[in-house]
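# Analysis of the macromolecular model
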Amino acid sequence: MDISDREFDLLKEYVLRESGIDIAEEKRYLFTTRLSDLLVGEGIMTFFDFYSVLVSGTRSYLVDQLLALMTTHESGFFRDRHPYRVFTDTVLPETAKRRAERARFLPPRLRILSAGCSFGQEPYSIALCVKRWLPTQSVFSEKDITIIGTDISALTIKRAKRGEFSDLELGKQLSSRERQDYFSRNGETWQLCEEIRNMVTFQQVNLLKPFDNLGKFDVVFCRNVIIYFSIEGRKTVVGHLRRVLEPEGTLFLGSAESLYTISNDFTSRAVEQTTYYTPS
Ligand SMILES: C[S@@+](CC[C@H](N)C(=O)[O-])C[C@H]1O[C@@H](n2cnc3c(N)ncnc32)[C@H](O)[C@@H]1O
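Residues numbered from 1 in each chain as written. Predicted model: local features only at pLDDT ≥ 70, side-chain atom pairs only at ≥ 80, totals over all residues. Heavy atoms only, no water.

The next thing to look at is the pairing of strand E1 (residues 110-115). Across the six residues that make up E1, a large majority, six, are buried. Residues of E1 alternate between two faces, with Leu110, Ile112 and Ser114 on one and Arg111, Leu113 and Ala115 on the opposite face, all of them buried. Note on the crossover from E1 through helix H6 (residues 121-133) to strand E2 (residues 145-151): the handedness is right-handed. Where E1 lies against strand E7 (residues 217-222), three bridges are found, and the strand directions are parallel. Bridging across to E7, isoleucine 112 finds its partner in valine 219. (Buried < 20%, exposed > 50% of the residue type's maximum accessible area, 1.4 Å probe, protein only. Helix = DSSP H or I, 4+ residues; strand = E, 2+ residues; numbered from the N terminus. Right-handed = clockwise from strand over helix to strand, strands pointing away. Pairing = 2+ DSSP bridges.)

Okay, here's the thing in structure tokens:
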């Protein structure tokens, strides 16, 4: 199915408005390669008709399918490894210490958000770090730690909850020991153990819209998400993330992402290869 200039402009604007994702002209082919089967299955003959159905709201499930198909879900356990080392060795102990000092008056708690979590590899990696860190200290137990994974797509969240991954989706960073300890082979896929799955809850959240209802977080991972957004979209999302971060909270972005020209509300700190941000 071909896409005309006008159809491309309409759909590009629609995706930008709904998700913040900016599909460049050179990625125009993504509409035809990824959406043609969906349109045929829905009995929709042209991209203009598809656009009309989307804005009419008569088949609202198509919005989720469109966004799930047009976004990249590329991820993996312990993606880039080094941010997870910094999280475990520096951010987690420092945050826990601050929290424990206040625990004389309040019950200790630690809240961690993985925003734009794809099929769950990121929040589950966080859970694995937390699991291994817990026995090294005496203040926090598992019930004091909240880990929430969010994504714009309901289909993606459904997948994440299952905790089932192909070899490709596991990524290259997991050691064979980690694979052996936390996963079981299930035909073509790897099933993450229940113990780690139970440490994470998932919710569908569009980062373009405020999500203060999730509460405040000590640590936010939003890695490899805003890189696909327009500058305006990045500013909006970072503003929303700032609002849910505790005053001394920590924000991790992807290795190719930064807040340069996006926000002046954070101070950056570099530990080895990892840069992370705290509200200024
Ligand atoms: C490339 S994946 C990154 C996954 C993981 N954070 C990582 O670094 O491996 C980007 C994810 O962001 C999600 N996403 C895109 N736009 C979003 C939005 N407006 N709100 C929430 N999630 C969004 C996509 O559905 C996708 O699962």
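If you check the shell around the ligand, you find 20 residues, and the closest are Ser19, Ser75, Asp151, Arg223 and Asn224. Contact distances for the ligand include 3.1 Å between a nitrogen atom and a side-chain N or O atom of glutamate 122. Contact distances for the ligand include 2.6 Å between an oxygen atom and a side-chain N or O atom of aspartate 151. Computed on the free molecule, the ligand has an accessible area of 600 Å², of which 99% lies beneath the protein chains in the complex. Of the residues assigned to the shell around the ligand, the class counts are six nonpolar, nine polar and five charged. (Near = heavy atom within 4 Å. Polar contact = N/O pair within 3.5 Å; in protein donor to acceptor, adjacent residues only side chain to side chain. Areas by Shrake-Rupley, 256 points an atom, 1.4 Å probe, with all protein chains shown as cover. Nonpolar A, V, L, I, M, F, W, Y, C, P; charged D, E, K, R; others polar.)

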